[in-house]
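Reading the structure
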Amino acid sequence: MASLFRDRTLGYSRRDSTTTGAATSSSAAALSPLPSPFPDLTPSLSATDIRETAYEIFVAACRTSTGKALTYIPSISSDRSPSPSNNSNSSSPSPSVQRSLTSTAASKMKKALGLRSSSSSGIKWAEGSPGSGGKPKKPVTIGELMRVQLKVTENVDSRIRRALLRIAAGQVGRRIESTVLPLELLQQFKAADFTDQREYHAWQKRNLKVLEAGLLLHPHMPLDKSNTAAQRLRQIIQAALDRPIETGRNNESMQVLRTAVMALANKSADGSLFESCHWADGLPLNLRLYEILLEACFDVNDEASIIEEVDELMDLIKKTWGILGLNQMLHNICFSWVLFNRYVATGHVENGLLDAADSQLAEVAKDAKTTKDPAYAKILNSTLTAMLGWAEKRLLAYHDTFDAANIESMPTIVSIGVSAAKILVEDISNEYRRRRKSEVDVARGRIDTYIRSSLRTAFAQLMEKADSSRRASRHQPNPLPVLAILAKDVGELASKEKEIFSPILKRWHPFAAGVAVATLHICYGNELKQFVSSIMELTPDAVQVLRAADKLEKDLVQIAVEDSVDSDDGGKAIIREMPPFEAEGAIANMVKDWIKTRIDRLKEWVDRNLQQEVWNPQANEGGFAPSAVEVLRIIDETLDSFFQLPIPMHPALLPDLMSGLDRCLQYYVSKAKSGCGSRNTYVPTMPALTRCTTATKWGKKKDKTLNTKRNAQVATMNGDNSFGVLQLCVRINTFQRFRTELEVLEKRIITLLRNSESAHVKDFSNGLGKKFEITPAACVEGIQQLSEAVGYSIIFHDLSPVLWDGLYIGEPSSSRIEPFLQELEKNLTIISNTVNERVRTRIIADIMRASFDGFLLVLLAGGPSRTFTQQDSQIIEDDFKSLKDVFWADGDGLPVDVIDKYSTTVRDVLPLFRADVDSLIERFRRSTLETYGSSAKSRLPLPPTSGQWNPTEPNTLLRVLCYRNDEAASKFLKKTYNFPKKL
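For the protein, an unreviewed UniProt entry supplies the name Protein unc-13 homolog and the organism Anisodus acutangulus.

Below is the structure:
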C-alpha cells in the first residue's frame with residue numbers, strides 16, 4: 001500500500017516534459033487495461049487528441065470564479081530568460097493552478113479510500129534539468145504537475161495558456177461554461193503560431209473533430225435529423241478536414257462556423273437558450289475526457305502509485321464538472337472504474353488500488369438507490385458489468401486464481417464482484433423489482449455460484465491429476481485406484497477450502513464451507529456411483545476405494561455440520577444436498593455376497609463329504625470323522641480370510657458370517673445323525689397279554705412273531721454298516737469335537753476382532769454375533785440322541801440273543817442273567833475305548849438305563865415264554881443286583897447316585913414279584929377303581945399300556961399277574977378279561 005504514495009522529487013528525472021521517450025514507452029507497455037465500459041468515440045479522435053482536449057478543459061476550468069483574467073506564468077523559474085509571450089502587464093496566476101506543492105498535510109481522499117501515506121511526504125526541490133545550468137527550480141505548481149501527468153509539452157501548455165488569456169480578455173465577466181472552448185481556440189491561433197503548417201493543420205483538425213464529437217456525434221441533447229445547424233456544421237467540418245479554414249475574427253467561414261456551433265451549443269430541446277454552452281457534456285464523450293483527467297492522479301513513471309498531491313489535484317479536476325456536465329454520482333462511478341482498471345492494468349500488484357475501488361463502489365451503491373435516470377443507469381450498467389465480468393472470471397475459478405502470494409486481494413475482489421452484482425440486480429434489474437426483496441439474497445447467491453463453480457473446476461482438475469498419478473504408478477506394486485487417490489485429494493481440497501477460502505467467503509455467505517463440501521460431496525458421489533455400479537465382486541481395489549470414500553464422506557459431513565452449527569435448521573439443508581455415498585453399505589453388500597459364496601461352498605462341501613464319510617473309528621487318534629477335521633479347517637480359514645479383508649466394519653458383519661458358519665455346522669450335525677435312530681427305534685413292540693397255568697410247558701417255546709417284528713425293525717436301521725454302534729460312537733466323538741473346537745474358535749474370533757482396526761470397546765460388551773449359537777445345542781442334542789441310540793442298540797439289538805431271547809425263558813433258575821452280563825461287559829469295554837472321555841460317562845449311563853429298561857421289559861412284557869412264581873422273586877432281585885454291580889465296577893464305574901437314579905423304577909417294581917396273588921389282585925382292583933372311578937365297579941376295564949412302569953399303576957399290576965405262574969391269577973384273568981393261555 002505504501003508504494004501508492006511515494007515521495008515525489010519533481011524535476012527533469014521525474015515529471016519533466018523532457019523525460020526520455022524510452023522511459024515513457026516502457027511505462028506504457030506495462031499497462032494492460034480492460035476495454036473501457038464507455039462507448040467508443042469517433043475513431044478519428046486519437047488518445048492523444050482526447051488527452052490534449054482534456055488538458056485544455058482542465059486549464060480552462062481552473063480559472064477563478066471571480067472572472068479575473070487567467071494570467072499566464074511560465075513554469076520555468078524567473079531567473080531564467082523570460083518567455084517571449086510574457087509581459088509586464090500580466091496579472092497574478094490563478095491560485096488553484098499555481099498553488100505551490102509544499103503541503104504535507106494528510107490527504108483526506110487517502111483516508112476516505114483507506115490509502116496509506118508513503119514514508120516521506122511533501123515535495124522536494126527538484127534537481128536542475130539538462131540545459132538549466134544545474135540551478136534548482138522553484139516549487140512546481142499543481143498546474144505544472146497536471147501538465148507532466150498528461151504528458152503535455154511545455155510548448156503546447158504555453159500556447160494553451162496564451163489562448164486562454166486572450167479569450168478571458170475578450171470575455172471579461174463570463175464563466176468558462178458559457179464558452180465553446182475549441183471554437184475559441186480555433187479563432188485565437190493562426191499557422192504562424194505553430195512550428196509548421198502541418199502541425200497547425202493537425203491542431204485545427206483536432207479541434208474540429210472535438211466539435212463534431214461534442215455537438216454532432218455525442219450531443220448533450222438528441223439532435224433532430226432536420227436540424228439545419230447540425231447539417232451546416234457537418235458540412236463545414238468535412239470541408240475543413242480536407243483543407244484548413246481561415247479562422248480570423250472577421251473571416252466569413254469562421255462566422256459561419258461560430259453561428260452553427262453556437263446554435264447547437266446554446267439551444268435546448270424546446271428552442272430556449274441555455275445559460276451555458278453544451279459542447280463536451282454529452283455521454284460518453286464527457287466520461288472519456290473525465291477518465292483521462294482522473295488517470296492523471298497516477299504517477300506517469302509509476303503507474304501503480306497515486307501521487308501525493310491527489311487531494312489538490314482532485315479539487316481542480318472537479319472544477320471541470322461544469323464543462324463536462326458531471327456530478328458526484330458520475331464522478332463516483334468513473335473514479336471507481338479508473339481505480340479498478342489501474343489495478344488490472346498494472347498486473348494486480350497494488351492491492352491498495354483494489355481496496356480504494358471497493359470503497360468508491362460503496363458510494364456508487366448509495367447513488368444507485370437515489371436516481372432512476374436512464375442515462376446514468378446505462379453508464380452504471382456497462383461499468384459494473386465490466387468490473388463484474390473481470391471479478392467473476394477469477395471468482396468462478398478462485399482456486400486457480402488465488403494462492404499464498406495473492407490471497408490478500410481475494411476479499412476485495414469478492415466485495416467488488418458482490419457489490420457490482422447487487423447494484424445490477426437490485427437497482428437496475430426490473431425482475432428484482434417485481435419480486436419481493438426477501439426472496440432474493442444477491443450476495444449469498446453470487447457466493448454460492450462462485451463456490452460451486454470453482455470447486456467443480458478444481459474437482460475436474462483433481463480427476464485429471466489422479467488419473468495421471470495412477471498411470472504413472474501402474475508399474476509399481478499395489479498402485480492406488482484412481483478414486484482412492486481422488487478421495488485423498490478431495491479431502492485435502494476441502495481442508496484448504498475450510499482454512500483459507502471459507503473464512504473469506506463467510507462474510508457474504510454464512511455457510512460457505514457447507515456449500516463447498518456439499519459441492520465436493522456431489523462431485524465425488526457421482527464418480528463413486530459409477531464405480532460402484534461396475535463392481536462385480538469384492539476386490540482389494542474396490543474395498544480401498546470404498547473405504548477412502550467413507551472416510552472422505554465423514555470428513556466432509558463433519559465440516560458441513562461444524563459450519564452450520566449456528567443455522568436455524570442445524571445444517572439440515574446442507575446435509576440434504578449430500579446424498580450418502582453409502583460406501584459402508586456397498587462394502588457391506590459385497591462382503592455379504594462374499595460370505596454367502598463361501599457359506600454356499602461350505603454347505604456343498606458338507607453334502608458331498610458326508611455322503612462319502614464311513615465313520616471309521618480307526619480313521620484318527622481322536623476317534624472322530626475326518627470330514628469334521630476338514631470342515632473345521634475350512635471354517636478357520638474362512639475366519640482368517642474375513643478378518644484379512646481391508647474393511648472398516650468387521651464387528652458389524654461378523655454376525656452374518658458367524659450365522660452362516662453356524663448353520664453349516666448345524667447342517668453337518670443334522671445330516672450326520674440323520675438315520676441313526678433313537679431309543680424308540682430299538683425297543684421292541686410289546687406282545688398281547690396272556691395268562692398261564694402251572695400245567696402248561698409252552699414257556700419253552702419262543703415267540704416267533706415278536707422276534708420277527710423286532711428283527712425286521714432293527715434290520716431296517718442297521719442295513720448299512722455306517723449306522724453300527726461304533727459308527728454311532730464316531731459321530732458322538734465328532735459332535736463332542738465340534739463342541740470343544742467351537743469354544744477355541746470363539747476365543748480366537750475375539751482375538752481377531754481385537755486386532756481388527758475397526759473394533760471398539762462396545763464390540764466386546766456382549767457375545768452376540770461372536771459365538772456359535774445353534775451348533776453347540778445341536779451337538780448336545782445329537783450326542784443325547786446318539787448316546788441313547790447306542791445304549792438301546794446294544795441292549796435290544798446287539799445283546800438281544802442273551803437278553804430278549806435268553807433271559808428267564810422257561811425256568812428262571814436255569815436262564816439267569818450271567819450270559820447277558822458277560823456280553824454286556826465286553827461291549828462296555830469296547831465303548832469305553834472308542835468314545836471321548838468327556839462323553840463316556842453319559843454313554844455308559846445310557847447303556848445302563850437301556851439295560852434296566854430291557855430287564856423290566858423281560859419281566860413285564862416278555863411274552864408267554866416267561867412265567868414267574870412267587871419264589872422266583874429272589875432270583876430276579878439277585879440278578880438285578882448283579883446287573884447294577886457291572887456298572888458300579890467296584891467303584892471304578894458309574895457313581896452310586898447315578899446308578900440309584902436310573903434303578904429307581906426297577907427297585908419299585910421288583911417287590912410286586914414277591915407279593916402273593918390275592919394281594920396283587922386286590923391292589924389291581926383298588927388301583928383301577930381309583931383310576932376309572934365308579935364306572936369300574938360293575939366291570940373292571942382293561943388298562944392301556946403306558947410303558948411307564950409303576951407299582952401302583954394298573955397296567956403294571958396286571959402284567960405281573962399275567963406272568964404269575966399261579967392258578968388263582970389265571971382264573972382271575974380268564975374271568976375278568978378272558979385272556980387266552982397263549983398267543
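After that view, the rundown keeps rolling.
Attention now moves to the overall build of the protein. Helix and strand counts for the protein stand at 38 helices and four strands. Taken over 983 residues, the protein has a buried fraction of 51%. Carbon and sulfur atoms provide 50% of the accessible area of the protein, an area that totals close to 45,700 Å².

It is worth spelling out the packing of aromatic side chains at this point. On inspection of all chains with the given rule, the structure shows 24 aromatic pairs. Arranged with centres 5.5 Å apart and planes meeting at 45 degrees, the rings of Y524 and F581 form a pair that is tilted. Placement of the pair is Y524 in helix α21 (residues 512–534) and F581 in the loop between α23 (572–576) and α24 (583–612), with a sequence separation of 57 residues. Across this residue pair, the class does not change: Y524 and F581 are buried.

Attention now goes to the environment of P687. Along the chain, P687 turns up in the loop between α27 (679–682) and α28 (704–717). The spatial distance from the C-alpha of P687 to the C-alpha of P864 is 8.9 Å, given a sequence separation of 177 residues.

We now examine the side chain of Q727. Within the secondary structure, Q727 sits in helix α29 (residues 725–755). For Q727, a relative accessible area of 11% puts it in the buried group. If near-sequence neighbours (up to four positions away) are discounted, Q727 is found in contact with V614, W615, P617, N721 and S722.

By size, the foremost hydrophobic cluster in this structure holds 284 residues, and its most contacted members are Y524, F642 and F855. If near-sequence neighbours (up to four positions away) are discounted, F855 is found in contact with L807, Y808, I817, I876, D879, F880, L883, V906 and L910.

With that settled, consider the pairing of strand β4 (residues 302–306). Here β4 lies mainly inside the structure; five of its five residues are buried. One ladder, built from two bridges, connects strand β3 (residues 298–299) with β4; its direction is antiparallel. In the strand pairing of β4, F298 is matched with I306. Between the antiparallel neighbours β3 and β4 lie two residues.

Take helix α34 (residues 896–909) next. With 14 residues, α34 extends 20 Å between its outermost C-alpha atoms, agreeing within 8% with the 20 Å of an ideal straight helix rising 1.5 Å per residue. I899, S903, V906 and V909 are the residues of α34 that are buried. At its buried positions, α34 is contacted by α32 (837–861), α33 (873–888), α35 (911–914) and α37 (954–962).

Before going further, it helps to spend a moment on empty space enclosed by the protein. Counted by the stated rule, this structure contains two cavities of 30 Å³ or more. When its volume is computed, the second largest cavity comes out at roughly 30 Å³. Mapped by element, the contributors of at least two residues to the lining of the second largest cavity are α2 (47–61) and α10 (285–295). Looking at which element gives the most residues to the lining of the second largest cavity, the answer is α2, with three residues. Among the residues forming the lining of the second largest cavity, the class breakdown is five nonpolar, one polar and one charged.

Here we come to helix α38 (residues 967–977). Turning to α38, its buried residues are A969, S970, F972, L973, T976 and Y977. Along α38, the residues classed as buried sweep out an arc of 160 degrees about the axis, all on the same side. Exposed and oriented more than 90 degrees from the buried face of α38 are K971 and K975. Residues of α38 that are buried in the fold lie against α36 (917–932) and α37. Between the side-chain oxygen of the N-cap and the backbone nitrogen of A968 there are 2.9 Å, and the N-cap of α38 in question is D966.

A few words now on the packing of α24 against helix α25 (residues 626–644). Running from N to C, α24 and α25 cross one another at 170 degrees; their axes reach a closest spacing of 11 Å. Relative to α25, the element α24 lies roughly antiparallel. On α25, the residues that touch V591, W594, I595, L602, W605, V606, N609 and L610 of α24 are S627, E630, V631, I634, I635, T638, S641 and F642. For the contact of α24 with α25, the residue count by class is eleven nonpolar, four polar and one charged.

The subject of this paragraph is the pattern of salt bridges. Scanning all chains against the criterion turns up 38 salt bridges. Of the charged contacts, one joins E426 and K369 as a salt bridge, the two residues approaching to 3.6 Å between their closest N and O atoms. Note that E426 is positioned in helix α17 (residues 410–428) and K369 in the loop between α14 (351–368) and α15 (374–395), a separation of 57 residues in sequence. Across the pair E577 and R452 runs a salt bridge, and its minimum N-O distance is 3.0 Å. Pair noted here: E577 is in the loop between α23 and α24 and R452 is in helix α19 (residues 442–472), with a separation of 125 residues, a long-range link. Classification of E577 as partly exposed rests on a relative accessible area of 27%.

As for its position among the elements, D400 is in helix α16 (residues 398–401). Residues D400 and T457 lie 57 residues apart in sequence; the distance between their C-alpha atoms is 8.8 Å. If we skip the residues at most four places from it in the chain, D400 touches T457 and Q461. Among the polar contacts listed, one links the side chain of D400 to the side chain of Q461, at a separation of 2.9 Å.

The next subject is the environment of T841. Tracing the backbone through its elements, the reader meets T841 in helix α32. As for T841 and G893, which are separated by 52 residues in sequence, their C-alpha atoms are 8.6 Å apart.

Glancing now at the packing of α21 against helix α22 (residues 540–563). Here α21 crosses α22 at 160 degrees, and the two axes come no closer than 9 Å. Here α22 runs roughly antiparallel to α21, going by the angle between their axes. Considering the relative orientation of α21 and α22, their crossing is left-handed. Residue-level inspection shows A512, A513, G514, V517, L520, H521, Y524, L528, F531 and V532 of α21 in contact with α22, the latter providing D541, A542, V545, L546, A549, L552, E553, L556, I559, A560 and D563.

A few words on unusual backbone geometry. A negative phi angle is the norm for most residues apart from glycine, just as the trans form is the norm for most peptide bonds. Cis geometry marks the peptide bond from L283 to P284; its omega dihedral reads 0 degrees. Within the fold, P284 resides in the loop between α9 (252–266) and α10. In the Ramachandran plot, K151 falls in the positive-phi region, its phi being about 60 degrees despite a non-glycine side chain. By the element assignment, K151 lies in the loop between α4 (142–149) and α5 (154–170). The partly exposed category is assigned to K151, whose relative accessible area is 44%. One non-glycine residue, E582, adopts positive backbone phi at about 55 degrees. Along the chain, E582 falls in the loop between α23 and α24. For E582, a relative accessible area of 56% corresponds to the exposed category.

Basis of the calculations
- Residues numbered from 1 in each chain as written.
- Predicted model: local features only at pLDDT ≥ 70, side-chain atom pairs only at ≥ 80, totals over all residues.
- Heavy atoms only, no water.
- Helix = DSSP H or I, 4+ residues; strand = E, 2+ residues; numbered from the N terminus.
- Buried < 20%, exposed > 50% of the residue type's maximum accessible area, 1.4 Å probe, protein only.
- Areas by Shrake-Rupley, 256 points an atom, 1.4 Å probe, with all protein chains shown as cover.
- Phe/Tyr/Trp six-rings, centres within 6.5 Å; stacked < 30°, edge-to-face > 60°.
- Contact = heavy atoms within 4.5 Å.
- Core = buried A, V, L, I, M, F, W, Y, C linked by side-chain atoms within 4.5 Å.
- Pairing = 2+ DSSP bridges.
- Expected span 1.5 Å × (residues − 1).
- 1 Å grid on protein atoms, 1.4 Å probe; cavity = no way out; pocket = protein on both sides within 12 Å on 5 of 7 lines; lining within 4 Å.
- Points joined across faces, edges and corners; volume = space filled by probe spheres on them.
- Nonpolar A, V, L, I, M, F, W, Y, C, P; charged D, E, K, R; others polar.
- Arc of directions from axis to C-beta.
- Polar contact = N/O pair within 3.5 Å; in protein donor to acceptor, adjacent residues only side chain to side chain.
- Axes fitted to C-alpha atoms, helices over the stretch in contact; angles between N-to-C directions.
- Parallel < 35°, antiparallel > 145°, perpendicular 65-115°, else oblique.
- Salt bridge = Lys/Arg side-chain N within 4 Å of Asp/Glu carboxyl O.
- Left-handed = near helix turned anticlockwise from the far one by under 90°.

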